[in-house]
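What follows is each chain in one-letter form.
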Amino acid sequence: MAEAFWSRHARRYDRATLALNRNFAAMAREVAERVRDLEVLELAAGTGLVTAELVGTARRVVATDLSEDMLAILRGRLASIGAANAAIQTADATALPFAEGSFDAVVMANLLHLLPDPAAALREAHRVLRPGGLLLAPTFCHGETIAARIVSRSLGLAGFPIRYRFQAAELTALLRSGGFEARLGGVQPGWLPLGMAEGRKG
Ligand SMILES: C[S@@+](CC[C@H](N)C(=O)[O-])C[C@H]1O[C@@H](n2cnc3c(N)ncnc32)[C@H](O)[C@@H]1O
């Protein structure tokens, strides 16, 4: 089960992730800039690599994940930087415990490629966003380059629960199928390139 994998690897997550894309920190800063002064729901927040940037710009952040072990690291990270505008909650991105129209922005970094049914998470993001709300979904694109496909195969052999080897251009179609007006805001290069997908609820 996915939750067990992430809990088992929680302590190694940061180092591995930052090695897989040297521009990860730049991605997190870019996402944080886009949510300045907004009320943000973060899905699959993991250890908080992105959350730590969001709390510096957003009005309020609700950081969620399925794995308690990942959230324990996130909790420590936010405590160490003294974030006072964040709440942390266990939640499944495909069945969110929030009412319709609750947030100005939803951030889901590096989630869509892991889910058996990414459309379910997009439906939920769309539901909890206010009209005109912003979805930011920077996503590791395991199918973007030959190097990425090779790295991805090795990760798969090591048990990494990859479901989709996206090319960045495919992400916009996925977001559109979830009801969003979508665009690709560029690709951050790395061993696993990051497709900067974003959507707007009409
Ligand atoms: C690749 S990590 C991304 C973490 C963080 N967003 C980042 O970019 O560093 C994937 C995260 O998705 C979480 N996850 C997997 N399936 C989930 C689901 N259905 N609902 C919520 N979180 C989920 C895992 O627990 C893990 O923390």
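Basis of the calculations
- Residues numbered from 1 in each chain as written.
- Predicted model: local features only at pLDDT ≥ 70, side-chain atom pairs only at ≥ 80, totals over all residues.
- Helix = DSSP H or I, 4+ residues; strand = E, 2+ residues; numbered from the N terminus.
- Rg over C-alpha atoms; globule rule 2.2 N^0.38 Å.
- Buried ≥ 20, exposed ≤ 12 C-beta atoms within 10 Å, placed from the backbone.
- Contact = placed C-beta atoms within 7 Å.
- Near = placed C-beta within 6 Å.
- Nonpolar A, V, L, I, M, F, W, Y, C, P; charged D, E, K, R; others polar.
- Pairing = 2+ DSSP bridges.
- Axes fitted to C-alpha atoms, helices over the stretch in contact; angles between N-to-C directions.
- Right-handed = clockwise from strand over helix to strand, strands pointing away.
- Core = buried A, V, L, I, M, F, W, Y, C linked by C-beta atoms within 7 Å.

Visitor: How should I be thinking about the overall build of the protein chain in this particular structure?
Guide: Looking only at helices and strands, the protein chain features 8 helices and 7 strands. On C-alpha atoms alone, the protein chain measures out to a radius of gyration of 15 Å, which is about the 17 Å that the 2.2 N^0.38 rule sets for 202 residues. Its C-alpha atoms give the protein chain principal-axis dimensions of about 40 × 35 × 30 Å. Here the protein chain holds 202 residues, and 46% of them are scored as buried. The contacts in the protein chain between residues at least 6 apart in sequence include a share of 65% that link residues at least 24 apart.

Visitor: Please explain the site of the ligand as it appears in this structure.
Guide: Residues in contact with the ligand amount to 21 residues; listed here are only the nearest, Trp6, Ala44, Gly46, Ser67 and Ala93. Of the residues in the shell around the ligand, the class split is 14 nonpolar, 5 polar and 2 charged.

Visitor: Got a minute to help me understand the environment of Gly143 in this structure?
Guide: Relative to the helices and strands, Gly143 resides in the loop between strand S5 (129-140) and helix H7 (146-157). Sequence-distant contacts of Gly143, defined by excluding residues within four places in its chain, comprise Ala148, Arg149, Arg165, Phe166 and Gln167.

Visitor: How should the sheet that holds strand S1 (residues 39-43) be read in this particular structure?
Guide: What holds strands together in a sheet is hydrogen bonding between their backbones, with the strands either parallel or antiparallel. Across the sheet, 7 strands lie side by side as S3-S2-S1-S4-S5-S7-S6; this open sheet has mixed pairing. The open sheet has two edge strands, strand S3 (86-90) and strand S6 (180-188), and neither has a second partner. If you compare each strand with its neighbour and ignore which way they point, the axes differ by 15 degrees on average. Along the sheet face, helix H5 (residues 68-81) touches strand S2 (60-65) and S3 and points at about 170 degrees away from the line of S3.

Visitor: Is there a simple way to explain unusual backbone geometry in this structure?
Guide: Only a minority of non-glycine residues have a phi that is not negative, and only a minority of peptide bonds are not trans. Of note, the phi angle at Asp37 is positive, near 65 degrees, even though the residue is not glycine. Looking at the element boundaries, Asp37 is found in the loop between helix H3 (24-34) and S1. A tally of 9 C-beta atoms within 10 Å means that Asp37 is categorised as exposed.

Visitor: Please clarify how the pairing of S3 should be interpreted in this entry.
Guide: Pairing of S2 with S3, which is carried by 5 bridges, proceeds in the parallel orientation. Counterpart to Val62 in the pairing with S3 is Ala87. Where the polypeptide runs from S2 across H5 and back to S3, its parallel neighbour, the crossover connection is right-handed.

Visitor: Can you walk me through the nonpolar core in this structure?
Guide: Note on soluble globular proteins: their nonpolar side chains tend to be buried together. Ranked by internal contacts, the top residues of the largest apolar core, which has 64 residues, are Val106, Val107 and Met108. With 6 residues, the top contributor of residues to this core is S5. Leaving out residues up to four positions away in the same chain, Met108 has contacts with Leu43, Ala44, Ala93, Ala121, Ala125 and Ala137.

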